[in-house]
Amino acid sequence: MGTSFKLGGVGPAEFDNPGFVYYCYRQTAMAAGGREVVRDALQAGDIVVFSNEIGGTADFVGIYIGSGQFVSCNNPSQPTGAQSLSSGYWSERFLTARRYGD
């Protein structure tokens, strides 16, 4: 939390969003790997996948932290922080969730 955004940053001092998740999971193909999880069954640590364009392809990810929140790195003017899955923007752009490690 509070880490600076930098396009292409893979941590730990600066992150962009895919770099943040990659740093945490050291995985590739985040939107297709692991096991799919329905939105109502999310657990802390699951990867949530979005499209910045409604109906588009996966191009944004975050890590679910519980209570309807996920952590993401959005842009240079907004530090790494929690976002609500139920906000209009994220809710309508949600594509899938993935679980790794079980």
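The structure we're discussing is the one just above.
Residues numbered from 1 in each chain as written. Predicted model: local features only at pLDDT ≥ 70, side-chain atom pairs only at ≥ 80, totals over all residues. Heavy atoms only, no water.

K.L.:
Give a description of unusual backbone geometry that names residues and reports values.
P.N.:
Look at Ser67: it is not a glycine, yet its phi comes out positive at around 55°. Position of Ser67 relative to the elements: it lies in the loop between strand S5 (60–66) and strand S6 (69–72). (Helix = DSSP H or I, 4+ residues; strand = E, 2+ residues; numbered from the N terminus.)

K.L.:
Explain the environment of Val48 to me, using residue names and the numbers behind them.
P.N.:
Here Val48 lies in strand S4 (residues 47–50). Judged by relative accessible area, Val48 falls into the buried class, the value being 0%. C-alpha of Val48 to C-alpha of Arg98: the two residues are 50 residues apart in sequence and 6.5 Å apart in space. Those residues in contact with Val48 that sit more than four places away from it in its chain are Leu42, Phe60, Val61, Gly62, Ile63, Tyr64, Phe70, Leu85, Phe94, Thr96 and Ala97. (Buried < 20%, exposed > 50% of the residue type's maximum accessible area, 1.4 Å probe, protein only. Contact = heavy atoms within 4.5 Å.)

K.L.:
An account of the side chain of Arg99 is requested, with residue identities and associated values reported.
P.N.:
Looking at the secondary structure, you find Arg99 in strand S8 (residues 94–99). What makes Arg99 buried here is its relative accessible area of 9%. At 3.0 Å, the side chain of Arg99 and the backbone oxygen of Ala41 are in polar contact. Beyond its immediate stretch of four places on either side in the chain, Arg99 contacts Gly34, Arg35, Val37, Ala41, Leu42, Gln43 and Asp46. (Polar contact = N/O pair within 3.5 Å; in protein donor to acceptor, adjacent residues only side chain to side chain.)

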